[in-house]
Amino acid sequence: MLALQSNSKTNLLPVVRDDIFSPPLIKSLVYKPILLTHERKITGRKALKTRNQFSSMGLVIPFQPSMWDDNTIEAALNNTLHKVKTRMKQNYSEECTSKVLTRLQKLFNDLNFNTHRKSVMVILTPTEEKIIYLSFPVRPVVFFSRSASVIDLAANILQEATFYYLILNQKNVSLFDYSNNSPGKVYEKNGSNTDDLYKQTSAIIELLNSENEKPVFITGNPKMVARFCNSTFYTENYFPLLNHKAPFSSEIIQSLVKEITGHWKYWRSKIFAGKLLLAQKTGKLTSHTEAVVQVLRKSADGLLLIDKRLKQQLQKPGNGIFQIAEELTELIEQFLARGNRFEIMENGLLKDFGGIVLLQSNRTDSMEQRLNIRYTKAGVSLF
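Residues numbered from 1 in each chain as written. Predicted model: local features only at pLDDT ≥ 70, side-chain atom pairs only at ≥ 80, totals over all residues. Heavy atoms only, no water.

Our next topic: the sheet that holds strand E14 (residues 341-345). Reading across the sheet, the four strands line up as E12-E15-E13-E14 and stay open at both edges, with mixed pairing between neighbours. Two strands lie at the open edges of the sheet, namely strand E12 (285-287) and E14, each paired on one side alone. Each strand of the sheet is rotated relative to its neighbour by a mean of 20°, with strand direction disregarded. Docked against the sheet, helix H8 (residues 264-282) engages E12, strand E13 (302-307), E14 and strand E15 (356-360), running at close to 120° with respect to E14. Running over the sheet, helix H11 (residues 325-337) touches E13, E14 and E15 and is turned about 145° from E13. (Pairing = 2+ DSSP bridges. Helix = DSSP H or I, 4+ residues; strand = E, 2+ residues; numbered from the N terminus. Axes fitted to C-alpha atoms, helices over the stretch in contact; angles between N-to-C directions. Contact = heavy atoms within 4.5 Å.)

Looking now at the sheet that holds strand E8 (residues 172-179). With mixed pairing, the five strands of this open sheet are ordered in space as E9-E8-E7-E10-E11. Edge positions in the sheet fall to strand E9 (182-190) and strand E11 (238-240), since each of these pairs with one other strand and no more. On average, each strand axis in the sheet is tilted by 25° relative to the strand beside it, whichever way the strands run. Bridge count for strand E10 (residues 216-220) against E11 is three bridges, and the pairing is parallel. Within E11, the residue paired with Val-216 across the bridge is Tyr-238. Most of the contacts of helix H5 (residues 194-208) go to E9, to which it runs at about 145°, and overall it touches strand E7 (163-168), E8, E9, E10 and E11.

Moving on, we come to the environment of Lys-189. Of note, Lys-189 is situated in strand E9. Residue Lys-189 is classed as partly exposed on the basis of its relative accessible area of 31%. Each C-alpha atom of the pair Lys-189 and Leu-175 lies 9.1 Å from the other, and the pair is 14 residues apart in sequence. Sequence-distant contacts of Lys-189, that is, excluding residues within four places in its chain, are made with Lys-171, Asn-172, Val-173, Leu-197 and Gln-200. (Buried < 20%, exposed > 50% of the residue type's maximum accessible area, 1.4 Å probe, protein only.)

Right, let's get into the pairing of E14. Here E14 lies mainly inside the structure; four of its five residues are buried. Strand direction decides the pairing type here: E13 and E14, joined by five bridges, are parallel. What sits directly across from Ile-306, in E14, is Ile-344.

A low pLDDT score tells you not to read the predicted coordinates there in detail. With 78% of its residues at a pLDDT of at least 70, the protein reaches an overall mean of 81. The least confident element of the protein, judged by mean pLDDT, is strand E17 (residues 380-381) at 33; the most confident is E12 at 96. Low pLDDT, under 50, characterises residues 364-371; the stretch is placed with ten contacts to residues that sit more than four places away or in other chains. In the model, residues 377-383 has pLDDT below 50 throughout and makes ten contacts with residues more than four positions away in sequence or in other chains. (pLDDT = per-residue confidence, 0-100.)

Right, dumping it as structure tokens:
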């Protein structure tokens with residue numbers, strides 16, 4: 001039917017009505033609050049908590065039983081168990097968490113409480129346990145991954161400032177050892193013969209620092225410092241600082257020590273560059289992956305440095321380096337168990353050395369060092 005609608009202010013407009021035409025059905029809009037999405041995420045997280053298996057867990061903790069009393073030891077181990085429990089509660093079932101804590105408690109009960117090492121490393125898989133006692137301090141760390149390794153854990157080495165501080169005056173030398181955030185005087189000598197002073201002081205430093213593990217910062221009378229730096233006793237492990245003509249008071253010493261520790265990251269790169277030069281001069285430097293693997297197979301000791309980029313390549317399948325990564329990891333475990341050190345370096349310092357360097361030492365092995373690694377599989381000790 002055709003109808004006309006009239007409007008006094010507009011022209012006539014035709015309106016067509018068709019009783020046969022059926023308009024499309026329109027669904028009612030439904031408001032879905034954001035809370036539903038949030039609830040789905042919570043549900044997903046709850047699902048993760050039901051996991052009853054883990055791939056690998058690694059932890060490193062300070063552990064110095066020879067220096068601690070029983071209460072300190074117990075507190076350190078209990079805090080570690082609590083930290084593991086807290087971490088696992090987020091992703092694993094109560095059953096899985098309970099099994100891991102039981103295994104850790106048994107491992108902690110069987111630790112070597114006579115060791116003189118400074119920390120302990122533990123790696124757990126569903127079928128294997130590994131304990132390595134370390135000769136250097138670490139930051140407490142617990143993490144879960146597909147395959148925890150010593151290379152991951154070594155990245156948590158505590159890079160604390162430690163060094164010797166040598167003050168040269170006209171007829172006097174003083175040597176301080178900065179450790180545990182405090183400088184302590186370890187040697188002082190008076191004498192009118194400068195050459196004798198230098199010789200005796202150098203002998204003392206060599207005795208205290210035979211492996212050049214600590215850098216030696218030098219300051220004092222400008223002429224004396226310049227003369228010492230031009231002598232045969234000066235090496236790449238020594239670093240002259242700003243000189244002061246006035247006698248060194250405790251306030252000046254504390255101020256200069258604070259200046260060193262406040263820029264430790266800068267000095268650390270200088271220190272390792274000096275170590276590389278010194279090792280090259282003495283023929284104790286081995287570089288590039290294949291050569292380092294060969295000397296580690298022969299139980300070489302010293303300081304192992306790995307570039308951060310190479311560390312990533314060692315853990316990434318699909319390249320040539322990854323093929324020997326498993327053997328290198330095992331060799332590093334044995335290397336650490338003998339009481340050696342291992343550090344991850346910033347990119348660039350080892351670019352001319354293939355990203356990996358071993359600075360060899362002449363340290364002899366001992367029974368205590370050989371016993372500082374233990375493997376167990378299915379609850380049976382391998383040795």
